[in-house]
Structures are given as C-alpha cells and as structure tokens.
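Given next are the chains, with one letter for each unit.
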Amino acid sequence: MSQQGYVAAPPYSQAQPGMGGYQGGFGPGTTQPLYGHYGGPPQAFNAPPTGMMKSTAAGLPPPPVSSHYSQNVHNGDHPQRYAAPPAASAAYGQPPQSSYNSMIPQAPPTAQQVTNQMSAMNLGNYAPRPMHPPTSTVPQQHFQAPPPPAMGQPQMPPSPQSPQMPPQMSPPQSPPASMPMAGPPMPGSPIAGQPMAGPPMAGPPMAGQQMAGPPMAGQQMAGPPMAGMGRPFPGPPPPGAGGFQQPAPGAAGPTGYPQQPGQFGGQHMAGPQPGMPGAFPSGPGAMAGPPQKKLDPDSIPSITQVIEDDKVKQGGQVFTTNIRGQVPPLVTTDFTVQDQGNASPRFIRCTTYSLPCTADLAKQCQVPLAAIIKPFANLPKNETSLYVVNHGETGPIRCNRCKAYMCPFMQFIDGGRRYQCGFCNCVNEVPVFYFQHLDHMGRRVDFYERPELSLGSYECLATLDYCKNNKAPNPPAYIFMIDVSYNNIKSGLVKLICDELKTLLEKLPREEGAESSAIKVGFVTYNKVLHFYNVKSALAQPQMMVVSDTAEMFVPLLDGFLVNYQDSKAVIYNLLDQIPDMFADTNESETVFAPVIQAGVEALKAAECSGKLFIFQSSMPTAEAPGKLKNRDDKKLINTDKEKTLFQPQKGVYEQLVKDCVASGCCVDLFLFPSQYVDLATMANVPCHTGGSVYKYNNFQVETDGEHFLRDLRKDIQKNIGFDAIMRVRTSTGFRATEFFGGIYMNNTTDIEMAAVDCDKAVTVEFKHDDALSEETGAMMQCALLYTTISGQRRLRIHNLSLNCSSQLLDLYKSCETDSLINFFAKSAYRAILNQPIKNVREILINQTAHMLACYRKNCASPSAASQLILPDAMKVFPVYMNSLMKTAPLVGNTELSTDDRAHQRLSVTAMGVEDTQLLLYPRLIPLHNMDVGSEALPAPVRCSEERLTDAGMFLLENGHSLFLWLGQACSPDLIQSIFNLPSLAHLQGNMAALPELDNPLSKKVQSIISGLLEKRPNSMKLQIVRQRDKPEILFRQFLVEDKGLYAGASYMDFLCYVHREIRQLLT
Ligand SMILES: [Zn+2]
C-alpha cells in the first residue's frame, strides 16, 4: 500500500497519462514533497464563471407509467425472472439512440432542494446582508446599517472581490441565520439576529462582547490547543517548505494567497480593541485586550441540531435512488432505501454529489472528491438483499474496452444490438443470448426483469475465469489460535474462550436457507511453540501435534485439521474442554506471533481455501522466532519529527506476511489483552491490511471485561463477510480513483485487494480529474468486488453511482456531505502521520478547512462583511468535526497517551465507514434523568459539552467504542435507587461492569437503551460508570468534544474563531 505525503487534495499539476484512467502511469506521486498539494503555483481565488448552472437533476429514467413491469415502485417487488432469455435475432432493431443521455429526461431540481442547500450560515452582526433580495419577512435593516462611526470601523463596502450572485439564483426561503460572532463591541446597539432554528439561534446580546478578534495564545483561547506549543495552533511551516503558510507581517504571503493589505486587511476584522483597525494580524501585541466574555454557545452551529433537523425532514421516509447526484439523508437518520438505478448510500457515500467540471475548480475549492464504499454493508430487514444474476458460461457481461460491468449506465442502441458504455463510451456488441428489443423510450423491454439493467447494486455469479487457478473455490475456514501462555491461563481467558466457542460455533455464518454453515474450523494453541489439533470426526479424542521449529513453519497435519463443525462437534467439544486443563500448570510466559499467522496461512493454502484467523494474544512476541519484537516505545519522540516512527510498523517479516495473507485470502483478526506496551503498530499491521479487526482489552479481567470481549467475539464471528476479495473502482471519463484508504492491500494502482471484507469495513477512495467533466453526462462510478462467499461461491458484487457535474462551485458546496468529508480527512490525516510530523498534518487540516470555507465565501456566498463567518449550509458543522478530529489521540502529541492506544485508533479508523467516523468524532450524549420512560424513543442527545451536564443529571455517552454513564453529584437518591439499587451515590463501587437488572420502569428503560446501542454498533463497548468530580471523570471528559481538549486542542468556539481568522486572511 502506498504511503506517501499527506494528500488531502490532489497534486493537479501532475500530468496524468493513461487512457480512461485504467492504464498504468498514474501511480501516487511518491516523490512529492510534503505539503505537495499546497506547493503548486500560486493560486488566486478566481472569480467563478458567470451564468447560471444548468439543471442538474437528470438521472435514470423514471419507472414506466404503463406496462406490467412497473412493480419496482414497491420496495422489494422486483420480479425475479432472471433466466437468460433465448437468443433472439437482431433483426427487429428500433431506431438507434444516439447517446445515453438523449433518453434521459431532464428534471429540474426541486425548489426545496435548492433552497435547502442554498441557505447559508452567516455569523456576523453588522455586515450588509446578501445582495439578493431576501424573501423572508425577517427585518434586515439592522444588518444593513453601517457600524457606528464611533467604533472606528470604516464602512464595509460590498465586497469588490466577491462576485455578484447570478440574479437567477433564487434566494433561500428561510433566511440564513446570522450570528454575532465577529462583530465589534456594540454597546446598546440593536441586534437583529435572525432565528435559524428556534430561539437559541437568535443573536445573543452583544454589549461588551469582543469575540471578533481571532483567538491568540493565552488570550481568547482558553489555553493553547497544543500543550507545550506556545501557540494556539502550530505556526507557519519553516520557510521554503512550500506550504500553505499563515501570512505573517512583513513576510511574503502564503503560497497561493498573496496578501493584499488595504482591501480588507484588518479593517473589518473588528478586533477586540475598537479603534485599532488593521491591528490584526499584526501579532499578539495587537490582541491584548480585556478578557473575553463568553459567547452564547447556542449561537454556533450544532451537530445535534443538524442531526435532529435531518431526522425531522427525512426520517422514516423512502429514499429512491433514481436521481443523479441526489444527496442522501444523513447517516444518523433512519430511512429506507429503494434502489432505482444508483447504489444505496449504505454502500456508497460521497463527499459531494456534484463534482466540479474541471481540475482547476477542484483545485480552487480544495474540497476532497471522495467516495466511501462499504461494499458489504448490512441492509435493514425491510430492504431487499442484492439479487444474484447468472449470465451463464460467458460470465458477466462487461464492456470490451474498460471492462465495466453491465449496469444502468450502459446505453442500448441500434435496436438493442449494441450498447454504448457509460464509462468509456465504447460501443459493444450485445451477445446474442443477451439480445432484447427496445421499447419506444429506447429501453430494453426486459429492463425491470434484469437487476443489472435497472438497479444500482446487484451480484453476478463469476465463472471459473474469475477463480484462482481457474478452479472453483472451497468454502472458507475459521482458525482459532489461542495464546496459552501463563497470563492467559491465569486470567481465565483461555477457559472463557473455550467455553464460549462451544456455543458460538453453532452460529457460524451460513447462506440463507442453508441448514448449516459451510465454513470449516480448526484449532491451534501456542506459546513459544505451536500445537495443532486433529479433530477429525472419526476420532474419539482430539490429537495434538507440536511444532517447535517456528522459523520454518509448516502444518503437521492436513486431514483432520480443518473440519466441518457439525461433523466433528463431539471431538471439538472434547478439545475445548481439555485445553484449559492441559496448560493449567504452564510457566511459559513468552510467545511467538508471526509464526502463528504463518501457520494459519499455510493451513489455508494446504486446504486450498480462504479464511480468517482469530488470534487471542496477551503479550508482545518476545520469544526467539521470526517477527520477534522489542519495546521501542519512546515518549521522547513525541512532538519531534521522529514521532511518526511510533506509528510505523516494523518491516521485514510482517510485510512479507501481509503479502502472503492477501495472496491466500487469509484475513487476520487480532484480540489483544495487553498489560503493557505490545508494539501494536507492528502487531496490527497484518490484521489491518487483510480486512481484519484489532480488538484491545487493556489489563483484561474476566469479571469486568469478559462479557465485553465476548460481545465483540460474537459479533465478529457472525458478521456478514466475503473472502479473497479484489475490488476495482471504475469511473467515467474525466476523473478516476487515485487514492485508497482502508483495511486493504494494493499491489498496483487500481486493484484493491482484501483478504476479506465484512459488513463494517469501508474503503475510502479519492478521485482526481484527468479531463473536464460534462454537466450533461455527469460522472459515474462503478465499484466491482470479486469475492468468495461463505459457502465458497465466487461472485461479483457491483455498485454503481452517478454524480452530477457542475461548473459552479456553489453546486459542489450545496451537495457536500460533511460526514463523508470528515471520514476522508480522518483517514488521510491518519495516514499522513506515518510520514510527516503531526504538527504539519494538523496545520494542513486547519488550512484546508479554512481554504474550503474561504472559497465558498469568496465564490458562492453573497458579498458581505469580512467579519461575518459564512458557512455553506451543508458544511456548517464541519468545523466541529474537524476540531474533534484534531483532538483525537493519534493527532495529539502527549506523553500521557499510550502509544499503543494511539496506533490502535489510527488503524481502526482506516477501515471505518461514515457512520462510525461520525459517531467517533461526535459522541452521543444522552440525558437520562428526565426522559419519558414510557416512550420507545431514545431521548434526544445534547451537545457534547460540559455546559450541557447538570449536577442532578444522569447522562449516557457513547462513541461506538466507549460507553459512559455519568452521574451528577446531586443525583437524587430515588434515581440512584432505581438504577443501582443503592441508597446513594456514595455507595457506588468503582468498576461495575453492568447495571443490575431491576424491576422498575427507569431501570428497564436505561437497560434497553444500553442494550440497543450495544446491538447497533459494530463493536462492543464496556460500560464505565463515572461520578461527577471523581477522578475517572477525566476519561469521560475527553469525549466532550466541544470543550477544550483534555490533553490539547481548542474548544469548538475557539476553533471556529480561529478558522474564521484564517478565512479572513485568505480573503484579503
Ligand atoms: Zn467501457
């Protein structure tokens, strides 16, 4: 997998050869300097092209109005007649269709879409209002009044650099909220804050407020966001680094943004000291002023509100995928998907659903163009699982030239005898057996009978050509490899695992309708040596074979090692009963690790199957063997240029193991039970490149952590999963996939190899232009995943998605999805820290945030005062996520944080989908003390800030990995009694692993909320109970992501101010 400089935006300057994006020659720019994508030639903000964008909502044809094929309007009602039709003569051709798009009805976007996406968030209190006439009845006059002359603020001219909004552009129906974020002190002046969503959004009183100035170290900022860094955010990179630098007085402007003092510079910055126009950004001296009063936190954009609004608007509704470039509901909203030609957002989400037409535009806005693909995503019960198509011996039908598979983007022409590929435009002959006539709309008459013609996602049986060695695969195998060294025996872990397996193996995944699972199972125990077990059904007793030569690992038995569980149940039971006793007296504390993986790979190879290893290990492998590790944890490296080495895996043996595993379809799941540093960065390297998971239970104790671990194990074993997978993302001409993030391995620049891929694993793919995109045809992508099913069938899973293209950046910003953006940023930043100092990565994150928002402001928002913070509606909470991301352990250099924990989080995020990163970066904080116990609904979460906690309150906080029950000091005894069956909070013991099940409505409701959450999330979470102001509360507080970070990092408010300052600098 390529590891290169942080590339959150493309190095567009590079020539990008290659036909249609499928040839070689566009490998990652490994020679790029750091900051590569900011190091290009200076880019000024260009005025956007004038004129109105075209109607963009074209998409798939709507269902036919007549005919008996129209069943598809009912979810799940597709006819399932997929038998290949008889070969037909091609003599009955209808008039050829000239191009795919000629038949696509152009439907204008709905007014609702436009207005929703148009509404922008303005923060500011005195600036002129947008130029376009507001339709709202909200009075505007206060905003249009010039600031009081007494303030020493020159009157704000309409932004000369900002273009006028095209007059055709309809104004938002609901006015943008305007919040007094950046205004100068205006004692006594009337404020007309426009309510955005209820009273909290109204502007707070401004008297005496001095928030306009950017936060500076030790002043407006509650403290320096980075401990020990003396500045709120890292300073400019060293001269010559080619970076996107913060302008400094007297210095040359940042690359690409030559400073233009005298236009906006400073005058409208409304610094804390009236009468100091131009003071900003001349350094801390200028910022000295009276202490800031706190702004009303309700006045800044809220994630919980955005989530709630989307639920109200789209919750419970059906999302049909028949419109190109349609932005789906948020991941936090429950909705039903009906596939009508584009893949469900459960499978693919994008950072924006309207790509900029040109590379220049993309470069200008720096909004990453990426898709987050979760090819195996679980579907809710009320959605139809994917249809499986069989094209017989010829195999899947695909374009001769680009190899894209048959899909709704293929245009049948010439009376149905030929089809034009939507990806490369090649005209292909329709195979004789596949011929079908076209109807009067130019659509095949079997359109609704063939999933590949009408659906965004489907599966197709693969022929032997798609199988290793042209041989049909065997069903996969699961191998359980248990570390039986002293610690694991003593802690009771080995017994716990063995006991659990007896019931868990009954629940191995199986094909729908199958009586039992086809997955084979095998067992290994190990410490310094490996023990293989023969559990052949014919045996009365299992047999053990020991391999002590770990340098040349081999599997001592073939027959009887991997067996069908149902057949060998008795022997396996016997074995699982015996294992804990066999090693009960062990003194062996050393373990091997790489040879264990090697053994698994060899076993799968010998059995000619793919599969998964479940490795349960508690220590760093220190025994003399390949892959032996030593403690290389060094806190002195933190905040130095060498900090990245803490995240880099040890090379050599483990690199080779990744290759071996991927080549044999061997996925590795690692369950770690460490009591100290284990070099997780290296140990997790194989799991993280083979589609596996790494679970970590620090200082494991059966009593308090046992259930938590078993929940993970159960979920993991039962997951919907595919093996020996290879994925390819094809795109229509003009753009292509260039960067890939996930639990994947890449041997070349296009094939995404995954030893396995389960329902929770996502691959994030970044796209770049190599030509102009057309507004008319849009942009299409097809993700094709070739894999082996749990029963050993080779299949293709195809997901198709069409996006809009526009020469107006406004369209891009309107169609952005913040949750997807932050997924991309998290993954790219976490990869970047492998190669760059964390400080640089953080800087790039801030700069790119400011740049994206400044570009919107410059090119898309109506002219207004520089002091207003104007955020695109679809990205208005982006700064919250970004700030939270920068406070995550991998991006915070602090010696208090465990190196292994940081490495663990870095690697886990790499394979996360959008839901998971959203929740991780903005935990749910749910008040439980005042909920309606009779209601089925989950209480509405509140913002993740200490200010939302109440002394008499009880709150649940979860982020998909941690789960806290927080109890205020003044919790009523009744509440404590109901939940804990204790007379008061003081009686509560520290490490309670679960709440007692009590027979009262509150207890039952809390239990059901917790179990509901545990059920829903991919991972188990250990419930931690914390009392207000107890020492462990500090663990809880780090998840209050709107507050100042525990170890480092600004509060949301301070961050927003800081970003605002950066934006203003960019705009000058
Ligand atoms: Zn093609």
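For every chain, the first residue of the written sequence is number 1, and numbering continues from 1 along that sequence. Note on the predicted model: pLDDT of at least 70 is required for a residue's local features to be given, and 80 or more for side-chain atom pairs to be given and counted; whole-chain, interface and lining totals, by contrast, use all residues. Working from all heavy atoms in the structure, the side-chain values ignore hydrogens and water.

(A) Representation of the overall build of the protein in the model. Working definition: helices are DSSP H or I runs of at least four residues, strands are E runs of at least two. Numbering for both runs from the N terminus. A tally of regular secondary structure across the protein gives 24 helices and 32 strands. Residue burial is assigned from relative accessible area. The probe radius is 1.4 Å, only protein chains are included, and a residue is buried under 20% of its type maximum, exposed over 50%, and partly exposed in between. Across the 1068 residues in the protein, those meeting the buried criterion constitute 61%. The contact criterion used throughout is that any non-hydrogen atoms of two residues lie within 4.5 Å. Intrachain contacts of the protein at a sequence separation of at least 6 include 76% that bridge at least 24 residues. Total accessible area on the protein is roughly 38,200 Å²; 52% of this is exposed by carbon and sulfur atoms. Under the convention used here, a 1.4 Å probe and the Shrake-Rupley method define accessible areas, while residue burial counts only the protein chains that appear.

(B) Geometry of the pattern of salt bridges. Any Lys or Arg side-chain nitrogen found within 4 Å of a carboxyl oxygen on Asp or Glu counts as a salt bridge. Scanning the model with the defined rule gives 45 salt bridges in all. One salt bridge in this structure joins Arg797 and Glu459, with 2.6 Å as the shortest N-O distance. Taken together, the residues span a long stretch of sequence, with Arg797 in strand E27 (residues 794–806) and Glu459 in strand E12 (residues 457–461) at a distance of 338 residues. The pair formed by Arg797 and Glu459 is uniform in burial state, with each residue classed as buried. A salt bridge links Asp669 to Lys612; its shortest N-O distance comes to 2.9 Å. Separated by 57 residues along the polypeptide, Asp669 in strand E19 (residues 666–672) and Lys612 in strand E18 (residues 611–617) bring together distant segments of the chain. Within this structure, Arg444, Asp446, Arg450 and Glu452 form a network of salt bridges that share partners.

(C) Spatial organisation of the packing of aromatic side chains. Only Phe, Tyr and Trp rings are paired, with Trp represented by its six-membered ring, and only when their centres lie within 6.5 Å; those with planes under 30 degrees apart are stacked, over 60 edge-to-face, the remainder tilted. Across all of its chains, the model carries 32 aromatic pairs by this definition. For the ring pair Phe376 and Tyr787, a centre distance of 4.8 Å and an interplane angle of 85 degrees mean the geometry is edge-to-face. Residue Phe376 is located in the loop between strand E7 (370–373) and strand E8 (388–389), and its partner Tyr787 is located in strand E26 (residues 779–788); the two are separated by 411 residues in the primary sequence. There is no split in this pair, since Phe376 and Tyr787 are both buried. An aromatic cluster is built from Phe616, Phe671, Phe673, Tyr695, Tyr697, Phe700 and Phe709, whose rings are joined through pairwise contacts. In this arrangement the basic side chain of Arg797 is found over the ring face of Phe376, its NZ or CZ atom lying 4.4 Å from the centre. Should the NZ of a Lys or the CZ of an Arg lie within 6 Å of a ring centre and within 35 degrees of the ring normal, that charge is described as sitting over the ring.

(D) Highlighting the side chain of Thr818. Relative to the elements of secondary structure, Thr818 occurs in helix H16 (residues 818–832). Residue classification places Thr818 among the buried positions, given a relative accessible area of 6%. A polar atom in the side chain of Thr818 sits 2.6 Å from the backbone oxygen of Ala874. Polar contacts, as counted here, are pairs of nitrogen or oxygen atoms within 3.5 Å of one another; within protein the pair requires one atom able to donate a hydrogen and one able to accept it, and residues that are adjacent in sequence qualify only if both atoms are side-chain atoms.

(E) Highlighting the pairing of strand E25 (residues 763–769). In terms of burial, E25 is a largely internal element, 7 of the 7 residues being buried. Burial along E25 is two-sided: the face carrying Val763, Val765, Phe767 and His769 and the face carrying Thr764, Glu766 and Lys768 are both buried. Whether two strands pair comes down to DSSP finding at least two bridges between them. Bridge count between E7 and E25: 4 bridges; the pairing is antiparallel. Counterpart to Ala370 in the pairing with E25 is Glu766. Summarising the sheet, strand E22 (residues 735–741) and E25 pair through 6 bridges and their orientation is antiparallel.

(F) Structural context of the side chain of Glu739. Among the secondary structure elements, Glu739 is positioned in strand E22. At a separation of 2.9 Å, a polar atom in the side chain of Glu739 contacts the side chain of Arg831.

(G) Focus on the packing of helix H18 (residues 878–886) against helix H24 (residues 1052–1067). Angles shown run from 0 to 180 degrees and are taken between the N-to-C directions of axes, each axis being a line fitted to C-alpha atoms and, for helices, limited to the stretch in contact. Packing of H18 against H24 brings their axes to within 10 Å, and their N-to-C directions diverge by 110 degrees. It follows from the interaxial angle that H18 and H24 lie roughly perpendicular. Residues Pro879, Val880, Met882, Asn883 and Met886 of H18 pack against Tyr1052, Phe1055 and Leu1056 of H24. A class-by-class count of the residues in the contact of H18 with H24 yields 7 nonpolar, 1 polar and no charged. Any angle between 65 and 115 degrees counts as roughly perpendicular, while under 35 counts as roughly parallel, over 145 as roughly antiparallel, and the rest as oblique. The classification used treats Ala, Val, Leu, Ile, Met, Phe, Trp, Tyr, Cys and Pro as nonpolar, Asp, Glu, Lys and Arg as charged, and all other residues, Gly among them, as polar.

(H) Highlighting the coordination of the zinc ion. Coordinating donors are taken as N, O and S atoms within 2.8 Å of the metal, stretched to 3.2 Å for Na, K and Ca; because water is absent from the atoms, sites can appear incomplete. Coordination of the zinc ion by the protein comes from Cys399 (SG), Cys402 (SG), Cys421 (SG) and Cys424 (SG), over a distance range of 2.2 to 2.3 Å. Taken together, the 4 donor atoms coordinating the zinc ion span angles of 100 to 116 degrees at the metal, a pattern that classifies the geometry as tetrahedral. Written as a sequence motif, the donor residues of the zinc ion are C-x2-C-x18-C-x2-C. Here Cys402, found in the loop between E8 and strand E9 (411–413), pairs with Cys421, found in the loop between strand E10 (418–420) and strand E11 (427–429); they are 19 residues apart in sequence, far enough to count as distant. Every angle between 85 and 135 degrees makes a four-donor site tetrahedral, while opposite donors more than 155 degrees apart, with all other angles between 65 and 115, make a four-donor site square planar and a six-donor site octahedral; other sites are irregular.

(I) Highlighting the sheet that holds E9. Read across the open sheet, the 3 strands follow the order E9-E10-E11; overall the sheet is antiparallel. Across the chains shown, the open sheet's two edge strands, defined by having one partner strand only, are E9 and E11. Taken pair by pair, the neighbouring strands of this sheet meet at an average axis angle of 35 degrees, ignoring direction. Pairing of E9 with E10 involves 3 bridges; the strand directions are antiparallel. Within the sheet, the bridge partner assigned to Phe412 lies in E10 and is Tyr419.

(J) Broad picture of helix H19 (residues 899–910). Multiplying 1.5 Å by the residue count of a helix minus one yields the expected span of that helix. The end-to-end C-alpha separation of H19 is 17 Å, in line with the 16 Å expected for 12 residues at 1.5 Å each. Along H19, 9 of the 12 residues are buried, which leaves the element largely enclosed by surrounding structure. Restricting attention to buried positions, one finds in H19 the residues Thr899, Asp900, Arg902, Ala903, His904, Arg906, Leu907, Val909 and Thr910. Capping the start of H19 is the job of one residue whose side-chain oxygen sits 3.3 Å from the backbone nitrogen of Asp900: Ser898.

(K) Here's a closer look at the confidence of the model for the protein. Of all residues in the protein, 72% attain a pLDDT of 70 or more, and the chain-wide mean is 79. Within a predicted model, pLDDT stands for the predictor's per-residue confidence, ranging from 0 to 100. pLDDT under 50 marks residues 1–293. Its contacts with residues more than four places away, or in other chains, come to 628 contacts.

(L) Structural view of the nonpolar core. Nine residue types can take part in a nonpolar core, namely buried Ala, Val, Leu, Ile, Met, Phe, Trp, Tyr and Cys, and a core is a set of them joined through side-chain atoms within 4.5 Å. Counting residues in hydrophobic clusters, the biggest one holds 162 residues, and the most contacted among them are Phe532, Ile597, Ile615, Tyr813, Phe825 and Leu885. Counting residues per element, this core draws most heavily on helix H17 (residues 838–859), at 10 residues. Residue contacts for Ile615: discarding those within four places in its chain leaves Met481, Tyr526, Phe593, Val596, Ile597, Val668, Asp669, Leu670 and Phe671.

(M) Region of the structure containing the environment of Leu455. Here Leu455 is to be found in the loop between helix H6 (451–454) and E12. Classification of Leu455 as buried rests on a relative accessible area of 4%. Through-space distance from the C-alpha of Leu455 to that of Gln340 is 5.4 Å; in sequence the pair is 115 residues apart.

(N) Main features of the environment of Glu915. Within the secondary structure layout, Glu915 lies in helix H20 (residues 914–921). Linking Glu915 and Leu330, residues 585 residues apart in sequence, is a C-alpha distance of 9.0 Å. Excluding anything up to four places from it in sequence, Glu915 contacts Val331 and Lys374.

(O) Summary view of the sheet that holds E22. Read across the sheet, 4 strands follow the order E5-E7-E25-E22 without closing on themselves; strand pairing throughout is antiparallel. Of all strands in the sheet, those with a lone pairing partner are strand E5 (348–350) and E22, marking the two edges. Within this sheet the neighbouring strands show an average axis-to-axis angle of 25 degrees, counted without direction. Two strands pair when backbone bridges link them, and E5 and E7 are joined in this way by 3 bridges, in the antiparallel orientation. Considered in E7, the bridge of Arg349 is made with Ile372. Most of the contacts of H16 go to E22, to which it runs at about 60 degrees, and overall it touches E5, E7, E22 and E25.

(P) Molecular detail of helix H22 (residues 1001–1016). Taking 1.5 Å per residue as the helical rise, H22 with its 16 residues ought to reach 22 Å, and the 22 Å between its terminal C-alpha atoms agrees with that figure. For H22, the complete set of buried residues consists of Leu1002, Ser1003, Lys1005, Val1006, Ile1009, Ile1010, Leu1013 and Leu1014. N-capping of H22 is provided by Asn1000, with a side-chain oxygen placed 3.1 Å from the backbone N of Leu1002.

(Q) The environment of Ser774, seen in detail. Looking at the element boundaries, Ser774 is found in the loop between E25 and E26. Distance in space between the C-alpha atoms of Ser774 and Ser807 is 8.8 Å, their sequence separation being 33 residues.

(R) Main features of the state of the cysteines. Counting rule for disulfides: a pair of cysteine sulfur atoms within 2.5 Å. Enumeration over the complete set of coordinates arrives at 0 disulfides. Of all cysteine sulfurs in the structure, the one in Cys365 sits closest to Cys855, which takes part in no disulfide; the separation is 5.5 Å.

(S) Representation of the packing of H17 against H24 in the model. Closest axis-to-axis distance for the H17/H24 pair is 8 Å, and the angle between their directions is 60 degrees. On the basis of their axis angle, the class for H17 and H24 is oblique. Here H17 and H24 pass one another in a crossing that is right-handed. Only Phe1055, Tyr1058, Val1059, Glu1062, Ile1063, Leu1066 and Leu1067 of H24 make contact with H17, whose side of the interface consists of Ile846, Asn847, Thr849, Ala850, His851, Leu853, Ala854, Arg857 and Lys858. Among the residues making up the contact of H17 with H24, the classes are represented as 10 nonpolar, 3 polar and 3 charged. Left-handed is the label given to a crossing in which the near helix is rotated counterclockwise from the far helix by less than a right angle, and right-handed is the label when the rotation is clockwise.

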